[in-house]
Amino acid sequence: VSSESQKMVLFMCCRLLSLCILAPPGLGWYTVNSAYGDTIIMPCRLDVPQNLMFGKWKYEKPDGSPVFIAFRSSTKKSVQYDDVPEYKDRLSLSENYTLSISNARISDEKRFVCMLVTEDNVFEAPTIVKVFKQPSKPEIVSKALFLETEQLKKLGDCISEDSYPDGNITWYRNGKVLHPLEGAVVIIFKKEMDPVTQLYTMTSTLEYKTTKADIQMPFTCSVTYYGPSGQKTVHSEQAVFDIYYPTEQVTIQVLPPKTAIKEGDNITLKCLGNGNPPPEEFLFYLPGQPEGIRSSNTYTLTDVRRNATGDYKCSLIDKKSTIASAAITVHYLDLSLNPSGEVTRQIGDALPVSCTISASRNATVVWMKDNIRLRSSPSFSSLHYQDAGNYVCETALQEVEGLKKRESLTLIVEGKPQIKMTKKTDPSGLSKTIICHVEGFPKPAIQWTITGSGSVINQTEESPYINGRYYSKIIISPEENVTLTCTAENQLERTVNSLNVSAISIPEHDEADEISDENREKVNDQAKLIVGIVVGLLLAALVAGVVYWLYMKKSKTASKHVNKDLGNMEENKKLEENNHKTEA
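Quick caveat, the model's predicted, so the values are computed rather than measured. (Residues numbered from 1 in each chain as written. Predicted model: local features only at pLDDT ≥ 70, side-chain atom pairs only at ≥ 80, totals over all residues. Heavy atoms only, no water.)

### A short note on the overall build of the protein
Then, number 1: For the protein, the helix and strand inventory stands at two helices and 44 strands.
Then, number 2: By the burial criterion, 35% of the 584 residues in the protein qualify as buried.
Then, number 3: Sequence-distant contacts, at least 24 apart, represent 60% of the contacts inside the protein between residues at least 6 apart.
Then, number 4: Accessible surface for the protein amounts to roughly 35300 Å². Of this, 51% is attributable to carbon and sulfur atoms. (Helix = DSSP H or I, 4+ residues; strand = E, 2+ residues; numbered from the N terminus. Buried < 20%, exposed > 50% of the residue type's maximum accessible area, 1.4 Å probe, protein only. Contact = heavy atoms within 4.5 Å. Areas by Shrake-Rupley, 256 points an atom, 1.4 Å probe, with all protein chains shown as cover.)

The structure is reproduced here in structure tokens:
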């Protein structure tokens, strides 16, 4: 038998009889922590003796039986690895008998022993291996699409996978830990181990009774586990849930938003509920109609009239007591002009004109004549030609945009032709001017003739036709007395007037020209000014007279008092003289 074989036999005998196994003093339990997948490094922790024969590593099964996995001779420096399938190609034994195991697995959690064998003794140093696997980042899955208030409902599952050892899952609301609470918070935890990898998957299910306070509140979960360096915690991403809650209040809107509604407008009623999700259907109640109209959240009224004024309401279909109302006023404006359109009257006629307004509130009224604003409404007790024109009565509601009405009156003042003839001798005495003043409407046509000869005079000069008046004039130098005839004719009548004109050599009295409307207004204005001045002077004289009378009255009273005092003085003198005489 070789020396190596002898050594092995000796080793086995010593091991079986447990007579020569020694543990150096001071060596206790030693633990090596390793992360899953890393290399486990286990030093032998024994001093190598001088007479070392070889070193070996083994691990112990749960029943205590050894399994040898590595051998190294001190003389040949050779390394031999036992045929253990789970450690094939994973072991490395260094010269100082440090054992390395690559790609750490959960099954590597064992009690390993380093053995150094001499001819006399067997020395052992045990090492406990612990393997840790960090779990995956927790994730909230199977999340509820929405949560309903006052209902206990599954919020979601928090899952963390591939952990060793198993970890613990915690739920948070807005960063605060959620603890189980009967009827409000239910947490169900379970863990499963993969039989192949021996890694754990932890699942925590949260059932939660939500309230409106949970709107936009973040929910998270975390997993707490043990690693080589101690306890650690990993948090999930935040999850925010849509919170459903019933409608407690409804509001009604009038669209489009206007400061005022007028007849002819289209308006839309929109009903809104403060629940989530908001109600999709409502009952709309129109003024005077006790039964509601079922519709979506909008109800449209087209071409509204004044009778649409009133309170409009909407309510929930299944909860009619939850109701909202809005008052709507439909503004209106009516205008009636009497007479209106085209009206023809004779000069001197009376024509009452009325513009009647009916409106939802006070309206402004403006009168226009031929696009010029009048200071007051027109009133005709006796029509003149200048009263003719296009009158417009216009009214509006200032607070209601676009609410205006207007009607027009086209007044035509007709009159038969009226003629007045005048004559005037030129200062040079060489000619005379004859003027035919005509008034009437429609505009009369003027024709001149000389009586006797009957010839028509065409060389005339005409003024503009203004306010139913104009004139035609001729200049002549008659050598003998003549009679001029002026004929004015319109659709109503033909009027003729004649004027005798003396020969240019015979002096005669001139007749004043007709005063034009413009000059007549100037004269009237001057007359008003003169009357005003005269009245002012009379008032000033009256005031001066009153002041003078008061002054004189006061003066007379003072004179009486003075005379009375003087009389008393005279009497006193006479009494004194009589007294002196008596004493004498």
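Next, the rest of the story.
### Focus on the nonpolar core
Then, number 1: By size, the foremost hydrophobic cluster in this structure holds 51 residues, and its most contacted members are Met42, Trp57, Ile69, Leu99 and Phe112.
Then, number 2: When residues are assigned to domains, this core turns out to be shared by domain 1 (30-132) and domain 2 (139-244), each giving three or more.
Then, number 3: Core analysis: the second largest hydrophobic core is formed by 19 residues, Ile252, Phe284, Val304 and Ile328 among them. (Core = buried A, V, L, I, M, F, W, Y, C linked by side-chain atoms within 4.5 Å. Domains from an automatic or database assignment.)

### Focus: the state of the cysteines
Then, number 1: In the structure shown here, the tally under the stated rule is five disulfides.
Then, number 2: Here Cys158 engages in a disulfide with Cys221; their sulfurs sit 2.0 Å apart. Because the torsion about its S-S bond is 75 degrees, the bridge between Cys158 and Cys221 counts as right-handed. Of the two residues, Cys158 is situated in strand β13 (residues 152-163) and Cys221 in strand β18 (residues 218-227); the sequence distance between them amounts to 63 residues. (Disulfide = S-S within 2.5 Å.)

### Focus on the confidence of the model for the protein
Then, number 1: The predicted model of the protein averages 85 in pLDDT, with 84% of residues at 70 or higher.
Then, number 2: Scored below 50 in pLDDT, residues 515-524 shows six contacts in the model against residues more than four places distant or in partner chains. (pLDDT = per-residue confidence, 0-100.)

### Here's the deal with the sheet that holds strand β3 (residues 40-42)
Then, number 1: Across the sheet, which stays open at both edges, the three strands sit in the order β3-β8-β7 with antiparallel pairing between neighbours. At either end of the open sheet lies a strand with only one pairing partner, and these are β3 and β7 (91-93). Strand-to-strand twist of the sheet, defined as the mean angle between neighbouring strand axes without regard to direction, takes the value 15 degrees.
Then, number 2: Looking at chain direction, β7 and strand β8 (residues 99-101) are connected through three bridges and run antiparallel. The residue bridging Leu91 from the neighbouring strand is Ile101, located in β8. (Pairing = 2+ DSSP bridges. Axes fitted to C-alpha atoms, helices over the stretch in contact; angles between N-to-C directions.)

### Some thoughts on the environment of Ile506
Then, number 1: Within the element layout of this structure, Ile506 appears in the loop between β44 (494-501) and α2 (517-583).
Then, number 2: Judged by its relative accessible area of 37%, Ile506 falls in the partly exposed class.
Then, number 3: Taking the C-alpha atoms as reference points, Ile506 and Asn481, 25 residues apart in sequence, are found 8.9 Å from one another.
Then, number 4: Not counting chain neighbours up to four residues away, the residues in contact with Ile506 comprise Lys432 and Asn481.

### Notes on the packing of aromatic side chains
Then, number 1: On inspection of all chains with the given rule, the structure shows 11 aromatic pairs.
Then, number 2: Ring geometry for Tyr208 against Phe219: centres 5.3 Å apart, planes inclined by 75 degrees, an arrangement best described as edge-to-face. Linking Tyr208 in strand β17 (residues 200-209) with Phe219 in strand β18, this pair joins segments that are 11 residues apart in sequence.
Then, number 3: Under the relative-accessibility criterion, Phe219 is labelled buried at 0%.
Then, number 4: When the centroid spacing of 5.8 Å and the interplanar angle of 75 degrees are considered together, the rings of Phe219 and Phe241 count as edge-to-face. Of this pair, Phe219 sits in strand β18 while Phe241 is found in the loop between β20 (239-240) and β21 (243-244), placing the two residues 22 residues apart along the sequence.
Then, number 5: In textbook terms, an aromatic cluster arises when at least three aromatic residues are bridged by ring pairs, as seen for Tyr59, Tyr87 and Phe112.
Then, number 6: Just above the ring of Tyr59 sits the side chain of Lys110; from NZ or CZ to the centre is 5.0 Å. (Phe/Tyr/Trp six-rings, centres within 6.5 Å; stacked < 30°, edge-to-face > 60°. Lys NZ or Arg CZ within 6 Å of the ring centre and 35° of its normal.)

### Examining the pattern of salt bridges
Then, number 1: Enumeration according to the criterion identifies 21 salt bridges in this entry.
Then, number 2: One salt bridge connects Asp108 with Arg90, and the closest N-O pair in it is separated by 2.5 Å. One end of the pair, Asp108, is in the loop between β8 and β9 (111-118); the other, Arg90, is in the loop between β6 (79-81) and β7, and 18 residues separate them in sequence.
Then, number 3: Connected through salt bridges with shared partners, the residues Lys258, Lys262 and Asp265 form a single ionic network. (Salt bridge = Lys/Arg side-chain N within 4 Å of Asp/Glu carboxyl O.)

### Description of the sheet that holds strand β27 (residues 298-301)
Then, number 1: Read from one edge to the other, the open sheet built from three strands follows the order β22-β24-β27, with strand pairing classed as antiparallel. The sheet is open, and its two edges are formed by β22 (250-255) and β27, each paired on a single side. Here the strands of the sheet are splayed against their neighbours by 20 degrees on average, with no regard to which way each runs.
Then, number 2: The pairing of strand β24 (residues 267-273) with β27 spans four bridges and is classified as antiparallel. Along β27, the bridge assignment pairs Lys270 with Thr298.

### Let's talk about the environment of Ala144
Then, number 1: Position of Ala144 among the secondary structure elements: in the loop between β11 (139-141) and β12 (147-148).
Then, number 2: The contacts of Ala144, once residues within four sequence positions are left out, are Lys154, Leu155 and Phe241.

### Considerations on the side chain of Arg90
Then, number 1: For Arg90, a relative accessible area of 6% translates into the label buried.
Then, number 2: At a separation of 2.7 Å, a polar atom in the side chain of Arg90 contacts the main-chain carbonyl oxygen of Glu86.
Then, number 3: Among all residues touching Arg90, those that are not within four sequence positions of it are Ser100, Ile101, Ser102, Asn103, Ala104, Arg105 and Asp108. (Polar contact = N/O pair within 3.5 Å; in protein donor to acceptor, adjacent residues only side chain to side chain.)

### Things to note about the pairing of strand β43 (residues 482-489)
Then, number 1: The buried fraction of β43 amounts to six of the eight residues, a majority that puts the element mostly inside the structure.
Then, number 2: Linkage of β43 to β44, two consecutive antiparallel strands, is achieved through a turn of four residues.

### So, unusual backbone geometry
Then, number 1: That bond from Asn276 to Pro277 is cis: its omega, -5 degrees, falls within 30 degrees of zero.
Then, number 2: Counting through the fold element by element, Pro277 comes out in the loop between β24 and β25 (282-285).
Then, number 3: At the junction of Asn338 and Pro339, the peptide bond is cis and its omega measures out at -5 degrees in the coordinates.
Then, number 4: The residue Gln198 is not glycine, and still its phi comes out positive at about 60 degrees.
Then, number 5: Relative to the helices and strands, Gln198 resides in the loop between β16 (185-193) and β17.

### Quick look at the pairing of strand β38 (residues 432-441)
Then, number 1: Taking burial as the measure, the 10 residues of β38 include seven buried ones, the bulk of the element.
Then, number 2: Hairpin geometry of strand β37 (residues 404-425) and β38 is characterised by an intervening segment of six residues between the two adjacent antiparallel strands and by a positive phi of about 75 degrees at Gly429.
Then, number 3: Pairing between β38 and strand β42 (residues 469-476): eight bridges, direction antiparallel. What sits directly across from Lys432, in β42, is Ile476.

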